[in-house]
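# Observations on chain architecture
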Amino acid sequence: MKCMLTCGAGIMEYSEKERPAAGPGEAVIKVRAASVCGGDVTRYKSAPMKDVYVIPGHEFSGDIVEIRDGGERYAVGDRVCIFPNPYCGTCPECRAGRFNLCTHKKSIGNNGQNGPVDGGMAEYCKVPVRSLIKLDDSVSYEQGALVEPVAVGLHASRAAGDVRGQKVLVYGAGAIGLYTIMFLKMQGAERIYALDVLPEHLEMAERYGADCTMLCEGNFAERIREDSGCGIDIVFDTVCLPPSISATQKLLRGGGSSVWIAIRNMQQEINIFPTVFHEQKIFTSFIYYKSEMEEAAGMMGRGEINCEDTITDRVPLSQGKALFEDLVHNPGAHIKAQFRID
Ligand SMILES: [Zn+2]
Ligand SMILES: [Zn+2]
């Protein structure tokens with residue numbers, strides 16, 4: 001079968017690999033749509049997957065073409081999206097309900113702490129039956145391949161507690177920022193601010209529910225503070241780099257909270273003093289629970305949300321190399337890039 005293959009830092013090949021077969025408790029998916037995640041691009045650039053040939057892709061949808069032990073629930077022909085972080089269910093984190101922190105999880109489309117697992121940027125992908133999430137017939141494969149990142153926004157929107165009546169700000173209006181804004185709106189945030197470096201992204205942020213948008217330039221932090229009265233209650237930071245973290249310290253009211261959603265650069269220097277001096281709280285948000293992906297898929301099926309307008313690219317696998325290069329060099333030109341796989 002055709003696939004994309006990560007072969008080292010900055011090396012991604014359109015390649016061939018043997019089509020997988022389902023073992024006990026597994027299904028094979030004919031992939032129809034696979035989205036590219038910011039994390040895929042970071043791994044492509046820095047390749048912690050080095051020396052390991054892995055098919056990337058953890059945001060995808062398709063049809064079940066083979067299944068073993070599917071029980072009553074799943075059968076060949078079902079349209080599904082994939083929960084890509086199957087957890088063990090028995091470790092202390094799982095027993096505490098923190099399934100996203102399972103110490104044994106083997107992430108699909110990644111070479112994580114528990115070893116490499118091929119992902120969905122391929123014609124076929126093998127997944128555990130417990131990773132299957134059915135899609136309503138009304139949900140396109142393209143939207144099905146957005147369920148995973150949408151669930152990241154859903155999980156993040158809940159990380160600092162109830163947002164009803166709160167003044168919130170979303171830093172970065174890329175895909176995760178937009179989905180977070182959408183859920184903050186649904187959950188009754190009083191006023192939603194959005195920040196980005198690109199006017200096109202801010203236009204989208206307005207469509208997704210932002211009340212006030214601003215470019216990150218000049219004295220934007222002061223202007224937002226002024227508009228909000230006494231500062232923001234909760235900042236949702238999808239950038240998490242020193243400039244956004246230090247601006248957040250200025251944007252937040254005393255005792256306000258920030259939620260760190262994405263960490264791209266593991267080692268960075270920040271001045272923590274303003275956070276302590278104003279008793280600001282830091283929450284973190286990491287991926288989501290399977291139940292949150294099911295919630296997101298359910299909302300799409302009932303037509304309560306539709307995020308297809310965040311898809312900026314639909315390309316065949318054969319153009320994958322060029323797409324990844326463009327995502328590295330022109331990140332602002334894309335929101336969600338997808339592979340269409342026929
Ligand atoms: Zn992702
Ligand atoms: Zn576990």
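All residue numbers refer to positions counted from 1 along the written sequence of the respective chain. Following the order in which they are written, the chains are lettered starting with A and the ligands numbered starting with 1. The predicted origin of the model limits local features to residues at a pLDDT of at least 70 and limits the giving and counting of side-chain atom pairs to 80 or more, whereas totals for whole chains, interfaces and linings rest on all residues. Based on all heavy atoms of the structure, the side-chain values leave hydrogens and waters out of the count.

### Digging into the pattern of salt bridges
By convention in these notes, a salt bridge is any Lys or Arg side-chain nitrogen within 4 Å of a carboxyl oxygen on Asp or Glu. In the structure shown here, the tally under the stated rule is 20 salt bridges. Asp118 serves as the salt-bridge partner of Lys17, at 2.9 Å between the closest nitrogen and oxygen. Residue Lys17 is located in the loop between β2 (11-16) and β3 (26-35), and its partner Asp118 is located in the loop between β7 (115-117) and β8 (124-128); the two are separated by 101 residues in the primary sequence. Asp309 is paired through a salt bridge with Arg207; the nearest N and O atoms lie 3.4 Å apart. A residue pair is termed long-range when its members are at least 10 positions apart, and Asp309 in the loop between α10 (290-301) and β16 (311-315) and Arg207 in helix α6 (residues 199-207) qualify at 102 residues. Think of it in three bands: residues with accessible area under 20% of the maximum for their type are buried, residues over 50% are exposed, and the middle band is partly exposed, with areas taken using a 1.4 Å probe on protein chains only. Residue classification places Asp309 among the partly exposed positions, given a relative accessible area of 36%. In this description a helix means any DSSP run of H or I spanning at least four residues, a strand means any run of E spanning at least two, and both kinds are numbered starting from the N terminus.

### So, α10
Multiplying one less than the number of residues by 1.5 Å gives the expected span of a helix. The first and last C-alpha atoms of α10 sit 17 Å apart over twelve residues, in line with the 16 Å expected at 1.5 Å per residue. Those residues of α10 lying buried are Lys290, Glu292, Met293, Ala296, Ala297, Met299 and Met300. Throughout, a contact is declared for two residues whenever any of their heavy atoms are within 4.5 Å. Taken together, the buried residues of α10 touch β5 (79-82), β9 (132-134), α3 (141-144), α4 (147-157) and α5 (175-186). Residue Gly303 follows α10 closely and has a positive phi angle near 75°.

### Section: the pairing of strand β11 (residues 191-196)
In terms of residue burial, β11 counts as a mostly covered element, since five of its six residues are buried. Pairing between two strands is assigned when DSSP locates at least 2 bridges connecting them. Sheet topology note: the strand β10 (residues 167-171)/β11 ladder contains five bridges and is parallel. Residue pairing in the sheet places Tyr171 in a bridge with Leu195 of β11. Seen with its strands pointing away from the viewer, a crossover is right-handed if its path from the first strand over the helix to the second goes clockwise. Taken together, β10, α5 and β11 constitute a β-α-β crossover, and its handedness is right-handed. As paired elements, β11 and strand β12 (residues 212-215) share four bridges and run parallel to each other. What sits directly across from Tyr193, in β12, is Cys212. Note on the crossover from β11 through α6 to β12: the handedness is right-handed.

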